[in-house]
Amino acid sequence: MKCDVCEAEASVFLTQIINGQMTTVNLCEGCSKSKGVTEETGFGLAEAFVGAAPRAVETSPDLACPSCGFTAAQLKKIGRMGCPECYDTFREGIEGLLRGMHKGTRHVGKRPSAIITAAPSPKPRRSSVPAPAPAPGMTSTITTPAITLKEETPAPMPPDINKLRAELDLAVKEERYEDAATIKAEIDRQTKDTAAK
Amino acid sequence: MMRFSTLIKNPADWMKGSGPHSEIVMTSRVRLARNLRGFPFPGFSQEHQRIELLKAARPVVEELPEMRDGYSVDYTELSKIRKQVLVERHLVSREHAARTTGCAVVIDRRQSISVMINEEDHFRLQGIRPGLNLRGAYELVDRIDTEMDAALPYAFDGKLGYLTACPTNLGTGMRASVMLHLPGLVLLDQINPVIKAVGKIGLAVRGLYGEGTEALGNLFQISNQHTLGEAEPEIITQIEKVIEGVIRSEQTARAKLLEDHHTMLSDQVGRAYAILRYAHVLTSKEALNLLSMLRLGADLDLITNCDRSLLDLLLLEIQPAHLQLGAERELSPEERDVARAEITRSRLQGIQGPPDLPVSPSVN
Ligand SMILES: [Zn+2]
Ligand SMILES: [Zn+2]
């Protein structure tokens, strides 16, 4: 299998289900490193944000986390949060993204002991959960969510396959892998359609 | 706490290739991402905040019953080569090793559990078991996690689960991964459909190890990509089920190699043995690929007196930082190739090559 970027033999195979469709990006070791695809973060990564959320973030790039000052613009740029409280601020903006990234949008599984004993509220908020005694030097911050991020809507794909190929090249070059995967899925779909005719 | 040299001196049980399905599954690893409330994530925090968190949390980790007699080190006090040795042993991540101030790692005596402090998340807890045993690896980190939870205020959200720096880790914060040795599927050119099938289920597959441009040593890592919306046991059961399928494919491929491609197989194994046993210059890539063939030969009894653990340890010993640690100095790539050949020759000294095979029907 060839690397999608440089044609060398690929050794990193990233697969994701996007909108119910399986797409794979193949990268060689060198490209995966230079693109920051690490063993740990896999595919989701910063690029997922850069690719999928710009519209949402553009609506209010100045929206900032009251706890750490992290802004929507920074979120768009690095694809990671500034602090745990950021999730309250950017919660709605990332829900659509999480749907594409994960099996669900609601956590199931292990919970901290303090939370197991607390009665679950129908719509739990982290800040409503009693905190265990903070370790020395630690502060816990209560924040109120201030959410105006727009839910993203999937952009319609342009029909021309050559245009799609060019877009794919660009997406890979700019390290927008989520975009790349979406575009590739569309190309595969169209190629299949054409072959079927 | 123990010294670095003591930690490294004895190989961990998971390095010796003796777990369920060890002929195909090298290791099972599970890591959990955890963070504390009220602190910015390491990637967005000030140095003094990282140091503050480290000061508060490191003693807690060091005092855990499992970690008490282990190894603990602040990265400002750890040389580049030693860090790299820990990376090669999978005890710390490459990303974590690249950091310094405010970072530390605590590793248990048996080198089965490691807790990285101020990685991408405040904590990355990792457990390793030999062979296919994700459940066992999860039990290791689950216990540590529960103990840490009792002492530290974890950042958790009722809906999003454990809050992590990157949204890809939300929910369980768990990444379960299995390292597989799949030479049979590669030799028969059947690896791509297997990779595709695994990918279809939403798991990530990567060929890896080393610095080259291909799936070196026929080693592949399979791990979950989703962390939100499924409980830990479900995720683990699903991966194990998939891995069992891959194991069956690899077993079938090996049986087919023995049956239908005996000459090619014997040739590959024989060449691997000959080069590894007598070479004086060995690049990383060449060594990994040849060791893969030798391991296959040993697993299929084409080489009879070769212990798998010897090969799996050698796989670690020939990596750059391990070579330099042994030499007690930095080595140039050329020097490393010589050192690699030397240690390989010496380790294989007592191993007999494949016996002369009867002339195969294809020659007659
Ligand atoms: Zn490449
Ligand atoms: Zn924040």
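Per chain, residue numbering runs from 1 following the sequence as it is written. Here every chain gets a letter starting at A, and every ligand a number starting at 1, in the order they are written. Reporting in this predicted model follows two pLDDT cut-offs: at least 70 for local features of residues, and 80 or more for side-chain atom pairs to be given and counted; totals over whole chains, interfaces and linings ignore these cut-offs and use all residues. Think of the side-chain values as coming from all heavy atoms in the structure, minus any hydrogens and water.

Asker: Quick question: what am I supposed to make of the overall build of chain A here?
Answerer: Working definition: helices are DSSP H or I runs of at least four residues, strands are E runs of at least two. Numbering for both runs from the N terminus. The helix and strand tally for chain A stands at 8 helices and 2 strands. Going from the N terminus to the C terminus, chain A shows its helices and strands as β-β-α-α-α-α-α-α-α-α. When a residue's accessible area, from a 1.4 Å probe over protein chains only, is under 20% of the maximum for its type it is buried; when over 50% it is exposed; and in between it is partly exposed. For chain A, buried positions account for 47% of its 197 residues. Throughout, a contact is declared for two residues whenever any of their heavy atoms are within 4.5 Å. Looking at chain A alone, contacts between residues at least 24 apart form 50% of all its contacts between residues at least 6 apart.

Asker: Is there a simple way to explain the overall build of chain B in this structure?
Answerer: Helix and strand content of chain B: 13 helices and 10 strands. We compute the radius of gyration from the C-alpha atoms alone; for a globule the expected value is 2.2 Å times N to the 0.38, where N is the number of residues. Compactness check: chain B gives a C-alpha radius of gyration of 22 Å against a globular reference of 21 Å for 364 residues, within 12% of the reference. Expressed as lengths along the three principal axes of its C-alpha atoms, the size of chain B is roughly 75 × 45 × 35 Å. By the burial criterion, 62% of the 364 residues in chain B qualify as buried. If you take every contact in chain B between residues at least 6 apart in sequence, the share linking residues at least 24 apart comes to 73%. Carbon and sulfur atoms make up 50% of the accessible area of chain B, which amounts to about 13,600 Å² in all. Only the protein chains shown count as covering a residue, and every accessible area follows the Shrake-Rupley method with a 1.4 Å probe.

Asker: Is there a simple way to explain the coordination of the zinc ion (ligand 2) in this structure?
Answerer: All names here are of chain A. Bound to the zinc ion (ligand 2) are the protein donor atoms Cys65 (SG), Cys68 (SG), Cys83 (SG) and Cys86 (SG), situated 2.3 to 2.4 Å from the metal. Taken together, the 4 donor atoms surrounding the zinc ion (ligand 2) define angles of 102 to 120° at the centre, an arrangement classified as tetrahedral. Between the donor residues of the zinc ion (ligand 2), the gaps in sequence give the motif C-x2-C-x14-C-x2-C. Using a relative accessible area of 3% as the deciding quantity, one classes Cys65 as buried. The class of Cys68 is partly exposed, set by a relative accessible area of 22%. For Na, K and Ca the donor cutoff is 3.2 Å, while for all other metals N, O and S atoms count as donors only within 2.8 Å; water does not appear among the atoms, so some sites may look incomplete. Every angle between 85 and 135 degrees makes a four-donor site tetrahedral, while opposite donors more than 155 degrees apart, with all other angles between 65 and 115, make a four-donor site square planar and a six-donor site octahedral; other sites are irregular.

Asker: Help me understand the packing of aromatic side chains, please; the structure alone is not making it clear to me.
Answerer: The geometry of an aromatic ring pair is captured by the separation of the ring centres together with the interplanar angle, meaning the angle of the planes. For Phe, Tyr and Trp, rings pair up if their centres lie within 6.5 Å, where Trp contributes its six-membered ring, and each pair is then called stacked (planes under 30 degrees apart), edge-to-face (over 60) or tilted (otherwise). According to the stated counting rule, one finds 5 aromatic pairs over all chains in the structure shown. Between A:Phe70 and A:Phe90, the aromatic rings sit 6.5 Å apart at their centres with planes inclined by 80°, giving edge-to-face as the arrangement. With A:Phe70 in the loop between helix H3 (54-58) and helix H4 (72-78) and A:Phe90 in helix H5 (residues 86-101), the pair connects residues that are 20 residues apart, well separated along the chain. Each member of the pair, A:Phe70 as well as A:Phe90, is classed as buried. Taking the ring centre of B:Tyr154 as reference, the NZ or CZ of B:Arg34 above it sits at 5.9 Å. The criterion is that NZ of a Lys, or CZ of an Arg, lies within 6 Å of the ring centre and within 35 degrees of the ring normal, and then a charge sits over that ring. The positively charged end of B:Arg34 is found above the aromatic ring belonging to B:Tyr162, 3.4 Å away from the centroid.

Asker: Hey, could you run me through the packing of helix H9 (residues 262-278) of chain B against helix H10 (residues 284-299) of chain B in this one?
Answerer: Residue and element names in this part refer to chain B. Between H9 and H10, the shortest axis-to-axis distance is 8 Å and the interhelical angle comes to 125°. Classified by the angle between their axes, H9 and H10 sit oblique to one another. In the packing of H9 onto H10, the handedness of the crossing is left-handed. Residues Leu265, Gln268, Val269, Ala272, Tyr273, Ile275 and Leu276 of H9 pack against Glu286, Ala287, Leu290, Leu291, Met293, Leu294, Leu296 and Gly297 of H10. Of the residues assigned to the contact of H9 with H10, the class counts are 12 nonpolar, 2 polar and 1 charged. Geometry is summarised by axes, namely lines fitted to C-alpha atoms with helices restricted to the contacting stretch, and by angles between N-to-C directions that run from 0 to 180 degrees. Any angle that falls under 35 degrees is termed roughly parallel, while one over 145 is termed roughly antiparallel, one within 65 to 115 roughly perpendicular, and all others oblique. Throughout, a crossing is termed right-handed when the near helix is turned clockwise from the far one, and left-handed when it is turned anticlockwise from it by less than a right angle. We call Asp, Glu, Lys and Arg charged. Ala, Val, Leu, Ile, Met, Phe, Trp, Tyr, Cys and Pro are nonpolar, and the rest, Gly among them, are polar.

Asker: What's the story with the confidence of the model for chain B in this structure? I'm lost.
Answerer: In regions of low pLDDT, the predicted coordinates are not meant to be interpreted in detail. Overall, the predicted model of chain B reaches an average pLDDT of 92, with 96% of residues at or above 70. Prediction confidence for the complex, expressed as pTM and ipTM, is 0.76 and 0.85 respectively. Values of pLDDT, the confidence the predictor places in each residue, fall between 0 and 100.

Asker: Looking at this model, I keep getting lost on the environment of B:Asn169. Mind explaining?
Answerer: By the element assignment, B:Asn169 lies in the loop between strand S7 (161-162) and strand S8 (174-181). By relative accessible area, B:Asn169 is classed as buried at 0%. If we ignore the near neighbours within four places in the chain, the residues touching B:Asn169 are A:His102, B:Arg31, B:Glu120, B:Asp121, B:Arg124, B:Thr164, B:Arg175 and B:Thr227.

Asker: Just to check I follow, could you spell out the nonpolar core for this structure?
Answerer: Side chains of a nonpolar character, in soluble globular proteins, are inclined to be buried together. Residues and elements named next belong to chain B. Residues Val115, Phe123, Met148, Leu180 and Ile243 are the most contacted members of the largest nonpolar core, which totals 88 residues. Per element, the largest residue contribution to this core is 9 residues, and it comes from helix H8 (residues 232-260). Not counting residues within four places of it along the chain, the set of residues in contact with Met148 comprises Val61, Leu64, Val115, Phe123, Leu125 and Tyr154. Here the nonpolar core consists of buried residues drawn from Ala, Val, Leu, Ile, Met, Phe, Trp, Tyr and Cys, with membership extended through side-chain atoms lying within 4.5 Å. Listed in part, the 25 residues of the second largest apolar core include Leu78, Val87, Val105 and Ile107.

Asker: I'm lost on the pattern of salt bridges in this one. Help?
Answerer: Think of it this way: side chains of opposite charge can pair up when their charged atoms draw near. All names here are of chain B. Note on definitions: salt bridges are taken to be side-chain nitrogens of Lys or Arg within 4 Å of carboxyl oxygens of Asp or Glu. Counting across every chain of the model gives 26 salt bridges over all chains. Between Glu250 and Arg254 there is a salt bridge; the shortest N-O distance is 2.6 Å. Residue Glu250 and its partner Arg254 are located together in helix H8, separated by 4 residues, close to a single helical turn. Accessibility assignment for this pair places Glu250 and Arg254 in one class, buried.

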